[in-house]
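Report on the structure
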Amino acid sequence: MVRKMAFVGCSYLAGLFFASFLNLKSDFILACAALPIGFLFYFLVSKKIQVPVCAVFFSAGLLVYGFYEATVYRPMLENAGKDCLAEGIVLEVNNYQNDKSQYVVKGRINGKDGKFVVFCQTLDCEIFDKISVCGKASAFKDTYAFPAESYYRTKGIFLEFSNPSKVSAQKRFSVLKYLIAYRDYICGKIYSVLPGEEGKALAAMLFGDKSGLENDTKTNLFRVGIGHIMSVSGAHLAIISDFFMRILGLFKINKKFKFAFLEVLIALFCVMAGLCQPVLRSAVMITIVYGAEIFKRRSDTLNSLGLASLLLLAGQPFLVRDSSFLLSFAGVLGIGVLAPALCSKITETGLKGKLLRYAVTMLCVSVVVFPVSFLYFDEVSIISPLANFVLIPVCSAALICGFIVAISGGVGFLSFLPLVFAGLCCKFVILASNFLADLKFSSLPLGYEFIGIGIIVSIILIVAGFFIFKDIKSTAAISAACVLGLLFSGEFYSLA
C-alpha cells in the first residue's frame with residue numbers, strides 16, 4: 001500500500017477531530033459503525049486495502065479520544081474544588097505586574113500525572129526548577145474575555161492553583177537553563193543594535209517574545225495574514241532548516257553529517273524558542289522528511305505529515321482541537337501537497353514561471369488554512385495571499401540573519417551588519433502591514449450566518465471547477481470570483 005502512514009495518520013486525526021465534537025457514547029457508536037462500513041465497502045465495492053485501513057484508524061481515533069477523556073481528563077477534574085498536593089517541573093514562566101507570576105508545571109496532583117498552572121507571588125524560580133504546591137485546585141472556565149478551558153485543554157493542562165496556601169521552589173541543575181540564559185543574552189544584543197520596534201519584532205520571530213510589540217502592530221500583522229511569522233512556529237524552523245540544507249548542499253559533505261548538523265540546529269532552535277509545541281511539532285516533521293533519505297525511505301510530504309500527526313497525537317489527543325496545530329497541519333498540506341500538484345501543471349519557465357509557482361504556493365496555503373480560520377476566528381484576511389507573497393521572503397531574510405547572530409554568539413563584527421539588515425527588513429514588514437491593514441477590504445468578517453453557507457458553496461464550486469476545466473487559470477478565476485462575492489456580500493450586509 002502506497003503512502004501507508006498518510007492513510008493511517010490522517011484517518012486517526014480525522015477520528016480524533018470528529019470525537020472532539022461528540023460525547024463518549026456517540027464516539028463508541030460511530031466507531032462501531034465505521035468499522036463494518038469500511039470492510040463492507042472493501043468486499044462489495046472496491047478491493048483497495050486503503051478503505052478498511054482508514055476505517056480502522058478512524059475508529060481508533062474516536063475510541064482513543066473517548067478513552068482519554070474518561071480515564072485522564074475527568075478523573076483529573078475530580079480534584080477541582082479540593083485541597084491538593086502537587087509538585088513538578090516548571091515548563092514555562094510568565095511574569096505580570098505587582099510581583100505576580102504564572103508557572104506552567106508538569107508533574108503530579110494527588111498522585112496523578114498531569115500538567116497544571118500555578119498563579120502566585122513571584123518565586124525565585126526558573127524554567128526546569130522544581131515547584132511544590134499546597135492549596136485548592138480549580139478547573140478552567142471559558143469567558144467572553146478568554147476561553148481558558150478550551151485553550152488549556154488542548155495543551156493537556158486541566159487544573160490551576162490561584163494563590164495557593166503554600167508554594168515553594170527548589171533549584172535544579174539543568175544544561176537547558178544555560179541555553180535559556182544564552183537566549184536572553186542574544187536578545188540583549190539585538191536590543192542594543194535595534195532599540196526600536198523592529199528589534200522587538202526580530203526577537204518575537206526568533207524567540208516568541210511579543211510583549212514588546214505595540215498592540216496595534218500585532219493586530220495589523222494578524223489582519224493582513226502574516227501574524228504567524230511573529231510567533232515562533234514550525235514555519236520558522238522550516239525556513240532555517242531549508243536555508244542551511246541548501247548551504248550544505250553546495251559542498252560535498254556526507255549525508256549523515258548533514259543530517260546530524262541539521263538535528264543540532266533544530267535542537268538549539270527548539271530550546272531557544274522555549275520548547276513550545278508548534279516548534280516541537282515542526283521538529284518532528286522536519287526530522288522525518290530529511291531522515292527518510294538517511295534510512296533509505298522515499299521522502300513524501302503527505303506520508304511524513306501522517307506519521308508526524310500520529311506521533312504527536314498518540315499521547316495527547318486533545319491537541320487535535322488546538323488552532324496552532326491545525327493551522328500547522330493545514331499549512332504543510334497546502335505548501336507540501338496541494339501546491340506541488342498545481343505547480344506541476346505550470347508550463348512557464350524562467351523568472352515568470354518561478355514567480356507564478358510562488359504565487360500559486362502562497363494561494364494554496366491561504367486556501368487550505370481558510371477552513372481552520374473560519375472555525376476559530378471571527379475574521380479572515382483577504383489580502384493574505386498578497387501579503388504572504390511580498391512579506392514572507394522579507395521576514396525569512398530577517399529570521400535567517402537573526403539566527404546567524406544567535407549561533408555566532410553575537411560577536412560585534414559578526415552580528416552588527418546582519419542585525420542592521422534584519423532591522424531594515426522588520427521595519428519594512430511593519431510599515432507594509434500597517435498600510436495593508438488600513439485598506440477597507442483587507443479582511444472578511446465571519447460572524448454572519450450566511451458567510452458559512454457561502455464558504456461551503458464556494459469550496460464546492462472551486463473543486464468542481466478544477467475537475468471540470470482541469471486548468472489552473474480557470475480555477476484561479478473561480479476562486480477569485482468566490483472570494484470577491486463573499487467579500488462584497490459581507491461588506492454590503494454590514495452596511496445594511
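That block above? That's the structure.
The rules behind the values
Counting restarts for each chain, with residues numbered from 1 along the sequence as it is written. For a predicted model such as this one, the threshold for reporting local features is a pLDDT of at least 70, and the threshold for listing and counting side-chain atom pairs is 80 or more; totals across whole chains, interfaces and linings nevertheless cover every residue. Only hydrogens and water are set aside when side-chain values are computed; all heavy atoms of the structure are taken into account. By definition, any uninterrupted DSSP run of H or I lasting at least four residues is a helix, any uninterrupted run of E lasting at least two residues is a strand, and each is numbered from the N terminus. When accessible area is computed with a 1.4 Å probe and restricted to protein chains, residues below 20% of their type maximum are described as buried, those above 50% as exposed, and intermediate ones as partly exposed. A contact between two residues is defined here by any heavy atoms of the two lying within 4.5 Å. We call two strands paired when DSSP finds no fewer than two bridges between them. To get an axis, fit a line to the C-alpha atoms, keeping to the stretch in contact for a helix; angles then go from 0 to 180 degrees between the N-to-C directions. Any angle that falls under 35 degrees is termed roughly parallel, while one over 145 is termed roughly antiparallel, one within 65 to 115 roughly perpendicular, and all others oblique. Expected helix span is taken as 1.5 Å per residue step, with the number of steps being one fewer than the number of residues. Definition used in this section: a nonpolar core is a set of buried Ala, Val, Leu, Ile, Met, Phe, Trp, Tyr and Cys residues joined via side-chain atoms within 4.5 Å. In this scheme Phe, Tyr and Trp rings, the latter by its six-membered ring, pair at centre separations within 6.5 Å, and the angle between planes marks the pair as stacked below 30 degrees, edge-to-face above 60, and tilted otherwise.

**As for the overall build of the chain**
Assigned secondary structure in the chain consists of 17 helices and nine strands. The 496 residues of the chain split such that 43% are buried. Here the analysis covers contacts within the chain between residues at least 6 apart in sequence; of these, 71% occur between residues at least 24 apart.

**Observations concerning the sheet that holds strand β4 (residues 130–136)**
Sheet strands pair by backbone hydrogen bonding; their relative direction is either parallel or antiparallel. Strand order in the open sheet formed by seven strands is β5-β6-β3-β2-β1-β4-β7, and the pairing between neighbours is mixed. At either margin of the open sheet sits one strand with a lone partner, and together these are β5 (138–139) and β7 (166–170). With five bridges connecting them, β4 and β7 associate as antiparallel partners. Looking at the pairing, Ser132 lines up with Ser168 of β7. Against the sheet, helix α3 (residues 50–77) touches β2 (100–109), β3 (112–121), β5 and β6 (157–162), its axis set at about 5 degrees to β6.

**Structural notes on the packing of helix α5 (residues 175–193) against helix α9 (residues 255–272)**
Their axes nearest at 9 Å, the elements α5 and α9 cross at an angle of 75 degrees. One element, α5, and the other, α9, form an angle in the roughly perpendicular class. Here Leu176, Leu179, Ile180, Tyr182 and Arg183 of α5 lie close against α9, whose contacting residues are Leu268, Val271 and Met272.

**Quick look at α9**
For α9, spanning 18 residues, the distance from its first C-alpha to its last is 26 Å, which sits close to the expected 26 Å at 1.5 Å a residue. When we look at burial in α9, the residues that qualify are Lys258, Phe259, Leu262, Leu265, Ile266, Phe269, Cys270, Val271 and Met272.

**Concerning the nonpolar core**
Membership of the largest hydrophobic core comes to 52 residues, with the highest contact counts inside it found for Ile190, Leu202, Ile226 and Phe403. Mapped by element, the contributors of at least two residues to this core are α5, α6 (197–207), α8 (234–249), α9, α10 (277–294), α14 (384–407) and α15 (412–437). With 12 residues, α14 is the single largest residue contributor to this core. Here Phe403 is in contact with Leu206, Ile240, Phe244, Leu265, Phe269 and Met272, once residues within four sequence places are set aside. Residues Leu13, Met285, Ala308 and Val368 belong to the second largest nonpolar core, which totals 45 residues.

**A look at the packing of aromatic side chains**
Per the stated rule, a full pass over the model turns up 15 aromatic pairs. Between Phe17 and Phe18, the aromatic rings sit 6.5 Å apart at their centres with planes inclined by 80 degrees, giving edge-to-face as the arrangement. An angle of 20 degrees between the planes, with centres 4.4 Å apart, marks the rings of Phe140 and Tyr152 as stacked. One end of the pair, Phe140, is in the loop between β5 and α4 (148–154); the other, Tyr152, is in helix α4, with 12 residues separating them in the sequence. An identical accessibility class is assigned to Phe140 and Tyr152; each is buried.

**Structural notes on the pairing of strand β1 (residues 83–96)**
Sheet topology note: the β1/β4 ladder contains seven bridges and is antiparallel. From the neighbouring strand, Glu87 faces β4, where its bridge partner is Ser132. Alignment of β1 against β2, held across 10 bridges, turns out to be antiparallel. Of the residues in β2, the one forming a bridge with Glu87 is Arg108. The turn linking β1 back onto β2 is made up of three residues, and Asn98 within it adopts a positive phi angle of 60 degrees.

**Quick look at the side chain of Ser20**
Along the chain, Ser20 falls in the loop between α1 (4–19) and α2 (24–44). Not counting chain neighbours up to four residues away, the residues in contact with Ser20 comprise Tyr65, Val320 and Arg321.

**Some words on the pairing of β3**
Bridge analysis of β2 against β3 gives 10 bridges, and the strand direction is antiparallel. Bridge pairing in β3 links Lys100 to Gln121. Connecting the antiparallel pair β2 and β3 is a turn made up of two residues, with Asn110 showing a positive phi of about 50 degrees. When β3 meets β6, the two strands line up parallel, connected through five bridges. Paired with Phe119 across the two strands is Ser162, which belongs to β6.

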